[in-house]
Amino acid sequence: QVQLVESGGGLVQAGGSLRLSCAASGSIFSINAMGWYRQAPGKQRELVAAITSGGRTNYSDSVKGRFTISRDNALNTVYLQMNSLKPEDTAVYYCNAVLIVLPILGALDVWGQGTLVTVSS
């Protein structure tokens with residue numbers, strides 16, 4: 001069994017910062033792409049940022065210059081540093097990863113349970 005466990009959400013004032021973490025655990029051989037998505041009330045889930053196993057990153061236009069995604073392959077962990085937060089960043093943030101799992105070395109698309117980020121004005 002494999003899982004992603006997120007942490008780091010919470011309440012912050014506009015202009016503040018938060019750092020989200022997401023750790024993968026279980027029978028993992030390797031991890032391909034990892035990413036963060038978010039879903040605000042009444043809206044569809046959207047990609048925030050993604051990072052490949054080689055460290056190539058991609059950001060949504062709404063967070064470019066404010067958010068930074070990174071990963072620690074030794075710890076099977078992906079991070080999202082969020083600076084200059086705005087009320088419109090309020091959402092449930094979900095971690096996603098494509099895991100290569102043992103023993104069959106198959107690819108598995110896994111989601112975390114979500115962590116709430118609330119930015120007050």
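The structure this text deals with has already been given above.
None of the values given here were measured: they were computed from a predicted structure.

Each value, and the rule that gives it
- Residues numbered from 1 in each chain as written.
- Predicted model: local features only at pLDDT ≥ 70, side-chain atom pairs only at ≥ 80, totals over all residues.
- Heavy atoms only, no water.
- Helix = DSSP H or I, 4+ residues; strand = E, 2+ residues; numbered from the N terminus.
- Buried < 20%, exposed > 50% of the residue type's maximum accessible area, 1.4 Å probe, protein only.
- Contact = heavy atoms within 4.5 Å.
- Areas by Shrake-Rupley, 256 points an atom, 1.4 Å probe, with all protein chains shown as cover.
- Lys, Arg positive; Asp, Glu negative; His and termini not counted.
- Charge placed at Lys NZ, Arg CZ, Asp CG, Glu CD.
- Phe/Tyr/Trp six-rings, centres within 6.5 Å; stacked < 30°, edge-to-face > 60°.
- Lys NZ or Arg CZ within 6 Å of the ring centre and 35° of its normal.
- Disulfide = S-S within 2.5 Å.

## A closer look at the overall build of the protein chain
Stage number 1. The helix and strand tally for the protein chain stands at 0 helices and 11 strands.
Stage number 2. Reading the secondary structure of the protein chain in the N-to-C direction produces β-β-β-β-β-β-β-β-β-β-β.
Stage number 3. Out of the 121 residues belonging to the protein chain, those deemed buried represent 42%.
Stage number 4. Look at the contacts in the protein chain between residues 6 or more apart in sequence, and 56% of them connect residues 24 or more apart.
Stage number 5. About 6,400 Å² of surface is accessible on the protein chain, with carbon and sulfur atoms providing 50% of the total.
Stage number 6. Between the mean site of the 9 positive side-chain charges and the mean site of the 7 negative ones, the protein chain shows a separation of 3 Å.

## What about the packing of aromatic side chains?
Stage number 1. Taken as a whole and judged by the stated rule, the model has 1 aromatic pair.
Stage number 2. Above the face of the Tyr79 ring, Arg19 is positioned so that its terminal group lies 4.1 Å from the ring centre.
Stage number 3. The ring of Tyr94 is capped by Arg45, whose NZ or CZ atom sits 3.7 Å from the centre of that ring.

## Examining the state of the cysteines
Stage number 1. If you walk through the whole model with that rule in mind, you get 1 disulfide.
Stage number 2. Each sulfur of the disulfide joining Cys22 and Cys95 lies 2.1 Å from the other. Taking the sign of the torsion about the S-S bond as the criterion, the disulfide between Cys22 and Cys95, at about -80 degrees, is left-handed. Taken as a pair, Cys22 in strand S3 (residues 18-25) and Cys95 in strand S9 (residues 91-101) lie far apart in primary sequence, 73 residues in all.
Stage number 3. Looking at Cys95, the relative accessible area reads 0%, which means it is buried.

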